[in-house]
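Residue strings, one per chain:
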Amino acid sequence: MGIQNKYDVAVIGAGVFGAWTAWHLAKRGQRVALIEAYGPAHSRASSGGESRIIRMGYGADELYTRWSKKSLKQWKEFFAATRQPLFLETGVLWMAGDDDKRLEQTSTTLKRCGVEFEELNRSTLAKRYPQIGLDAIKRGIFEPKSGVLMARRAVAAVVEDAVRLGAEYRCAQVMNPRGPSRVEHITTSRGERITAGEFVFACGPWLGKVFPDVLGSRIFPSRQEVFFFGIPAGDTRFAPPALPTWLFQEDLVYGMPDIEGRGLKIAFDEHGERVDPDTQSRIVSLAMTDAVKKYVTRRFPALKDAPIVETRVCQYENTSNGDLLIDRHPEMENVWFVGGGSGHGFKHGPIVGEYVTARLFDGAQAEARLSLGTKATAQRRAVY
Ligand SMILES: Cc1cc2nc3c(=O)[nH]c(=O)nc-3n(C[C@H](O)[C@H](O)[C@H](O)COP(=O)(O)OP(=O)(O)OC[C@H]3O[C@@H](n4cnc5c(N)ncnc54)[C@H](O)[C@@H]3O)c2cc1C
């Protein structure tokens, strides 16, 4: 048997949610262990990869608009304090065609939440973004203060700062915890024993593997493929500020301008097949490659023959409707689930960490939408 340590909280998983949870706990002086199987925001994690969108628009969904706004403030403060420019204010452009109900709702919610934005009609869109093929697009909303978080590096920076604040980080795989009602310690695959008062499992798409009985049918990891298209030499039309981060609502497609010379990023937001995050193939499919090429030709005609310069295969860790999951285990009273980012969770990392900390130590009221009770075993996506 290895070392035995006693912590106030053991956080399992150093993706964006575990990293920010450990950071907030350490900042309050809690003794924290942060245990991660592969490394912060590693290549198989949902937080892996270079970039994530942070936008305020969530249709009529005020909770996530407010969380996003508060999180952006914390991300910016964190990057300023640690002197790392890992937020890029590219602006975020929403576009809609005939079905612009969601855009209407976004506009109402942004106004109510005091978020700066601009409404753009088709002729303004055409003038401002001549590099975009506006076929079937009628109008747009532009969030000038939103943009891109440099994901992998941002998570590593949060972990590093949590350690500076006193958290202990270790690379180890935690074995599935055993109850019945209170967990005294967890063990790692190397036989170490870690004792703590509370255990926060921020295991992203692995949550269903760690808790097969409770979450095996409630977390749906879906395969998601991401592509980068090379920009013609010397062409600045696809880099910020000429091109912002963009989302085409009805097509369920989003992407980013050319950042750090990696090319135009594009991905379909539709859920792919169910996958295992440890073993799924990280090589993109021919079918998706064809679909994405066709889409790029339609929306960015000047990139018709652009080469694919990089690809990534990741997975969303969806709940039944897309709401996050932050709740106590139904039987093990000091075990918590934190996850269910469902393709939109990254931006909320800071507020998730703050919320978990307040639930654990301030008796903060639970947000009903995030509870286990609201997570069904059949998928019906409602949060985008
Ligand atoms: C392609 C793609 C695009 C996305 N785009 C956006 C976007 O633009 N904006 C946005 O806000 N969100 C976006 N998301 C969603 C967001 O990235 C995720 O919701 C978020 O990163 C999930 O973080 P997490 O910490 O829950 O999970 P993860 O990052 O997967 O972290 C979980 C960690 O737990 C560890 N772990 C699991 N089991 C164990 C164990 N037994 N022992 C030790 N460690 C363990 C894993 O190794 C892993 O590192 C996107 C996701 C993908 C895949």
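Scroll up to find the structure this text is about.
Residues numbered from 1 in each chain as written. Predicted model: local features only at pLDDT ≥ 70, side-chain atom pairs only at ≥ 80, totals over all residues. Heavy atoms only, no water.

**So, the overall build of the protein chain**
To keep things clear, this is the line we draw: Numbered from the N terminus, helices here are DSSP runs of H or I no shorter than four residues, and strands are runs of E no shorter than two. Our radius of gyration is a C-alpha quantity, and the globule rule it is checked against amounts to 2.2 Å times the number of residues to the power 0.38. Per-residue accessibility, obtained with a 1.4 Å probe over protein chains only, is compared with the maximum for each type, and a residue is labelled buried under 20%, exposed over 50%, and partly exposed between these values. Within this scheme the basic residues Lys and Arg register as positive and the acidic residues Asp and Glu register as negative, but His and the chain ends are omitted. All charge positions are set by atom: Lys at NZ, Arg at CZ, Asp at CG, Glu at CD.
Of the regular secondary structure elements, the protein chain holds 9 helices and 18 strands. Taken against the 2.2 N^0.38 rule, which gives 21 Å for 384 residues, the C-alpha radius of gyration of the protein chain at 21 Å falls within 12% of a compact globule. Dimensions of the protein chain along its principal axes, counting C-alpha atoms only, are 65 × 45 × 45 Å. Evaluated residue by residue, the protein chain yields a buried proportion of 58% over its 384 residues. Across the protein chain, the mean location of the 52 positive side-chain charges is 1 Å away from that of the 45 negative side-chain charges.

**Digging into the site of the ligand**
The condition is simple: Neighbouring residues are identified by heavy atoms, a residue being near a molecule or strand if any of them is within 4 Å of it. Under the rule applied, a polar contact is a pair of N or O atoms within 3.5 Å (in protein, one hydrogen donor and one hydrogen acceptor; residues adjacent in sequence only if both atoms are side-chain atoms). Using the Shrake-Rupley algorithm and a 1.4 Å probe, accessible areas are obtained, with residue cover drawn only from the displayed protein chains.
Contacts to the ligand come from 35 residues, most closely from Glu-36, Ser-47, Ile-53, Cys-314 and Glu-317. Measuring from an oxygen atom of the ligand, one finds a backbone N or O atom of Val-16 at 3.2 Å. The protein chains hide 97% of the 1,000 Å² of surface that the ligand would expose on its own. Those elements that provide at least two residues to the shell around the ligand are helix 1 (16-27), strand 2 (32-36), strand 3 (51-54) and strand 16 (308-318). The greatest single-element share of the shell around the ligand, amounting to 4 residues, is contributed by strand 16.

**Examining the pairing of strand 3**
Rules: At least two DSSP bridges between two strands are required for those strands to pair.
Of the two faces of strand 3, both are covered, the one formed by Ser-51 and Ile-53 as well as the one formed by Arg-52 and Ile-54. Pairing of strand 3 with strand 8 (residues 147-150) involves 4 bridges; the strand directions are antiparallel. Considered in strand 8, the bridge of Ser-51 is made with Met-150.

**A few points about the packing of helix 2 (residues 62-81) against helix 5 (residues 151-164)**
Note the cut-off: Convention adopted: a line fitted to C-alpha atoms gives each axis, helices being fitted over their contacting stretch, and angles between N-to-C directions are expressed from 0 to 180 degrees. An angle below 35 degrees is treated as roughly parallel, one above 145 as roughly antiparallel, one from 65 to 115 as roughly perpendicular, and anything else as oblique. It is the rotation of the near helix from the far one that decides the hand of a crossing: anticlockwise by less than a right angle makes it left-handed, clockwise makes it right-handed. Contacts were defined at the residue level, with two residues in contact if any of their heavy atoms lie within 4.5 Å. In this classification, Asp, Glu, Lys and Arg are treated as charged, Ala, Val, Leu, Ile, Met, Phe, Trp, Tyr, Cys and Pro as nonpolar, and every other residue, Gly included, as polar.
Contact geometry of helix 2 with helix 5 gives a least axis separation of 11 Å together with a crossing angle of 70°. With respect to helix 5, the element helix 2 is oriented roughly perpendicular. Read as a crossing pair, helix 2 and helix 5 show a hand that is left-handed. Two secondary-structure elements touch here, helix 2 through Trp-75, Phe-78 and Phe-79 and helix 5 through Ala-154, Ala-157, Val-158 and Asp-161. In the contact of helix 2 with helix 5, the residues fall into 6 nonpolar, no polar and 1 charged.

**A few points about the nonpolar core**
Where we set the bar: For this analysis, a nonpolar core means a set of buried residues of the types Ala, Val, Leu, Ile, Met, Phe, Trp, Tyr and Cys, connected via side-chain atoms within 4.5 Å.
Counting residues in each nonpolar core, the largest one holds 69 residues, and the members touching the most others are Val-11, Trp-67, Trp-75, Phe-79, Val-200, Val-338 and Val-352. At 8 residues, the largest contribution of residues to this core is made by helix 1. Leaving out residues up to four positions away in the same chain, Phe-79 has contacts with Gln-84, Leu-86, Phe-87, Leu-149 and Ala-154.

**A closer look at the sheet that holds strand 14 (residues 253-256)**
To summarise the sheet geometry, strands pair through backbone hydrogen bonds and adopt either a parallel or an antiparallel arrangement. Taking strand neighbours across the sheet as the criterion, the 8 strands line up as 6-7-5-13-14-15-12-16 in an open arrangement whose pairing is mixed. Each end of this open sheet is capped by a strand with a single partner; those strands are strand 6 (118-121) and strand 16. Across the sheet, the mean angle from the axis of one strand to that of its neighbour is 20°, orientation sign disregarded. Where strand 12 (residues 220-229) lies against strand 16, 10 bridges are found, and the strand directions are antiparallel. In the sheet register, Phe-229 faces strand 16, and the bridge partner there is Ile-308. Where helix 3 (residues 101-112) meets the sheet, it contacts strand 5 (92-96), strand 6 and strand 7 (139-143), and its direction lies at approximately 30° from that of strand 7.

**A short note on the pattern of salt bridges**
Condition: Just to be clear on terms, a salt bridge is a Lys or Arg side-chain nitrogen sitting within 4 Å of an Asp or Glu carboxyl oxygen.
Applying the stated criterion to the full structure yields 32 salt bridges. Note that Asp-100 and Arg-139 form a salt bridge whose closest N and O atoms lie 3.1 Å from each other. Of this pair, Asp-100 sits in the loop between strand 5 and helix 3 while Arg-139 sits in strand 7, and the two are 39 residues apart along the sequence. One salt-bridge network, in which partners are shared between bridges, spans Glu-50, Arg-152, Arg-153, Glu-260, Arg-262 and Glu-310.

**Description of the sheet that holds strand 3**
The strand order 3-8-4 describes an open sheet built from 3 strands, whose pairing is antiparallel. Of all strands in the sheet, those bounded by a partner on one side alone are strand 3 and strand 4 (87-88). In this structure, strand 4 lies alongside strand 8, joined through 2 bridges in antiparallel fashion. When the bridges of strand 8 are listed, Leu-88 appears paired with Val-148. Along the sheet, helix 5 makes contact with strand 3 and strand 8, crossing strand 8 at roughly 55°.

**A few points about empty space enclosed by the protein**
The test is simple: Definitions used for this entry: grid spacing 1 Å over protein atoms alone; cavity, a set of points where a 1.4 Å probe fits but cannot get out; pocket, an open set with protein on both sides within 12 Å along at least 5 of 7 lines; lining residue, one with an atom within 4 Å of a point. Grid points are joined across faces, edges and corners, and a volume is the space filled by probe spheres set on the points.
One pass over the structure, following the stated rule, counts 2 cavities of 30 Å³ or more. Considering only enclosed or pocket space, the largest cavity measures out at about 50 Å³ in volume. Residue lining of the largest cavity: Glu-50, Ser-51, Met-150, Phe-228, Met-256, Pro-257, Ile-259, Arg-262, Gly-263 and Lys-265, and that is the complete set. The residue inventory of the lining of the largest cavity, partitioned by class, reads 5 nonpolar, 2 polar and 3 charged.

**Description of helix 8 (residues 286-299)**
Cut-off, in case you're wondering: By this rule, a helix spans an expected 1.5 Å times one less than how many residues it contains. Arc definition: directions from the helix axis to the C-beta atoms.
Counted at 1.5 Å a residue, the expected span for helix 8 with its 14 residues is 20 Å, and the 20 Å between its end C-alpha atoms agrees. Looking only at helix 8, the buried set comprises Thr-289, Val-292, Tyr-295, Val-296 and Arg-299. Relative to the axis of helix 8, the buried residues are bounded by an arc of 130° and lie together on one face. More than 90 degrees from the buried face of helix 8, the exposed residues found are Leu-286, Ala-287 and Lys-294. As for helix 8, its buried residues are in contact with strand 12, strand 13 (245-248), strand 14, strand 15 (264-268) and strand 16.

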